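Fold and contact review
One-letter residues, chain by chain:
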Amino acid sequence: MINKLYPSSQDAIADIADGSVIMIGGFGPAGQPVELIDALIEHAPKHLTLISNNAGNGDFGLAALLKAGCVDKMICSFPRQSDSWVFDQLYRDKRIELELVPQGNLVARIQAAGAGIGAFFTPTGFGTALTEGKETRVINGKPYVLEYPLFADYALIKSHCADRWGNLTFNKAGRNFGPIMASAAKCTIAQTTQLVPLGGIDPEHVITPGIYVTRVVHTPHAQTRLSA
């Protein structure tokens, strides 16, 4: 019997080791898997590489993980916002490395990993410092830059509804990076606000099929300040 449910967030992330590459869903706070992140902070692995859209907000969630000293490198599109003081200070102190990726390229590189695409050419970033040293090519008279997929050992995402097979739905903007990250990681861990029996999700409404999900944690009391 397939049952991907784990009793707690701590159990679900217990094998994440030092040096792991981890994708974390969320567009700012929306869809950020805070309970999984809190469990990861408690677990305290070191020298992590994180792939996310931004570098944390305030002092909770992703920002708290950075503050805990678990992360050596951040790959993201928006490292600096009005409330990104944790990342700002770490970067100024040279305690964290940054790989800045335009948002469209970030999405495409994650999608490429999930789809088995070896590399792709994109016009985004051509002629800027972000693409120095990368292969370029002119296609139909337009310059392009070669980009490679982004893979991860783990993806931590937040869903609105799940069953024990790992079929997921998301709540509006909380969907953001979750589905593509689920397909690009060796192990995808999803926290879910609602847990339903098999058949409780209309197959036409499944956004991420269970084949992409390794573990599910039911977090009915997830922090309400964040979108599901």
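Scroll up a little and you will see the structure.
Everything in this summary refers to the structure shown in the same document. This structure is a prediction, so every number in the text was calculated from the model and none was measured.

Mapping His-47 onto the fold places it in the loop between α2 (34-43) and β3 (48-51). Looking at His-47, the relative accessible area reads 48%, which means it is partly exposed. A sequence separation of 57 residues divides His-47 from Gly-104, and the C-alpha atoms of the two residues are 27 Å apart. Within the local environment of His-47, its side chain forms a polar contact with the side chain of Asp-72, the two groups lying 2.7 Å apart.

Reading across from one edge, β6-β8-β7 is the order of the three strands in this open sheet, with antiparallel pairing throughout. In the strand order of this sheet, the two ends are held by β6 (120-122) and β7 (136-139), each with one partner. This sheet shows a mean twist of 45° between the axes of neighbouring strands, independent of strand direction. The sheet contact formed by β6 and strand β8 (residues 142-147) spans three bridges and is antiparallel. Among the inter-strand pairings, Phe-121 is bridged to a residue of β8, identified as Leu-146. Along the sheet face, helix α5 (residues 103-115) touches β6 and β8 and points at about 170° away from the line of β6.

Moving on, we come to the pairing of strand β5 (residues 97-100). Pairing between strand β4 (residues 71-76) and β5: four bridges, direction parallel. Along β5, the bridge assignment pairs Lys-73 with Glu-97.

The subject of this paragraph is the environment of Trp-165. In this structure, Trp-165 sits in the loop between β9 (152-162) and β10 (168-169). Here Trp-165 is in contact with Ile-2, Lys-4, Leu-198 and Gly-210, once residues within four sequence places are set aside. A distance of 3.4 Å separates a polar atom in the side chain of Trp-165 from the backbone oxygen of Ile-2.

Let us now look at the pattern of salt bridges. Evaluated as defined, the whole model comprises eight salt bridges. With a shortest N-O distance of 2.8 Å, Asp-15 and Arg-215 are connected by a salt bridge. With a gap of 200 residues between them, Asp-15 in the loop between α1 (9-12) and β2 (21-24) and Arg-215 in strand β12 (residues 215-218) connect regions that are remote in the sequence. Relative accessible area serves as the criterion here: at 11%, Arg-215 is assigned to the buried category. For Glu-99, the salt bridge identified is with Arg-109, shortest N-O distance 3.1 Å. Of this pair, Glu-99 sits in strand β5 while Arg-109 sits in helix α5, and the two are ten residues apart along the sequence. Glu-99 gets classed as partly exposed once you look at its relative accessible area, which sits at 23%.

Counting residues in each nonpolar core, the largest one holds 29 residues, and the members touching the most others are Ile-22, Leu-50, Leu-66, Met-74 and Leu-156. Of all elements in the fold, only β2, α2, β3, α3 (62-67), β4, α4 (85-92), β9 and β11 (185-195) reach the threshold of two or more residues within this core. If sequence neighbours within four positions are ignored, Leu-50 has contacts with Ile-22, Ile-24, Leu-62, Leu-65, Leu-66, Val-71, Lys-73, Met-74 and Ile-75. Met-23, Leu-106, Ala-113 and Val-216 belong to the second largest nonpolar core, which has 23 residues in total.

Criteria and cut-off values
- Throughout this description, residue numbers start from 1 for each chain and increase along the sequence as written.
- Per-residue local features of the predicted model are confined to residues with pLDDT of at least 70, and side-chain atom pairs are confined, for both listing and counting, to 80 or more; whole-chain, interface and lining totals are unaffected and use all residues.
- Note: side-chain values were computed over all heavy atoms of the structure, leaving out hydrogens and water.
- Think of it this way: any DSSP run of H or I at least four residues long counts as a helix, any run of E at least two long counts as a strand, and we number them from the N terminus.
- Only protein chains enter the area calculation, which uses a 1.4 Å probe; residues under 20% of their type maximum are buried, those over 50% are exposed, and those in between are partly exposed.
- As used in this structure description, the phrase polar contact means that two N or O atoms lie within 3.5 Å; if the pair is within protein, one of them must be able to donate a hydrogen and the other to accept it, and residues adjacent in sequence are counted only when both atoms belong to side chains.
- Think of it this way: DSSP has to see at least two bridges between two strands before they count as a pair.
- Fitted lines through C-alpha atoms give the axes, limited to the stretch in contact for helices. The angle between two N-to-C directions lies from 0 to 180 degrees.
- For this analysis, residues touch if any pair of their heavy atoms sits within 4.5 Å.
- In the sections that follow, a salt bridge refers to a side-chain nitrogen of Lys or Arg positioned within 4 Å of a carboxyl oxygen of Asp or Glu.
- For our purposes a nonpolar core is just a set of buried Ala, Val, Leu, Ile, Met, Phe, Trp, Tyr and Cys residues, chained together by side-chain atoms within 4.5 Å.

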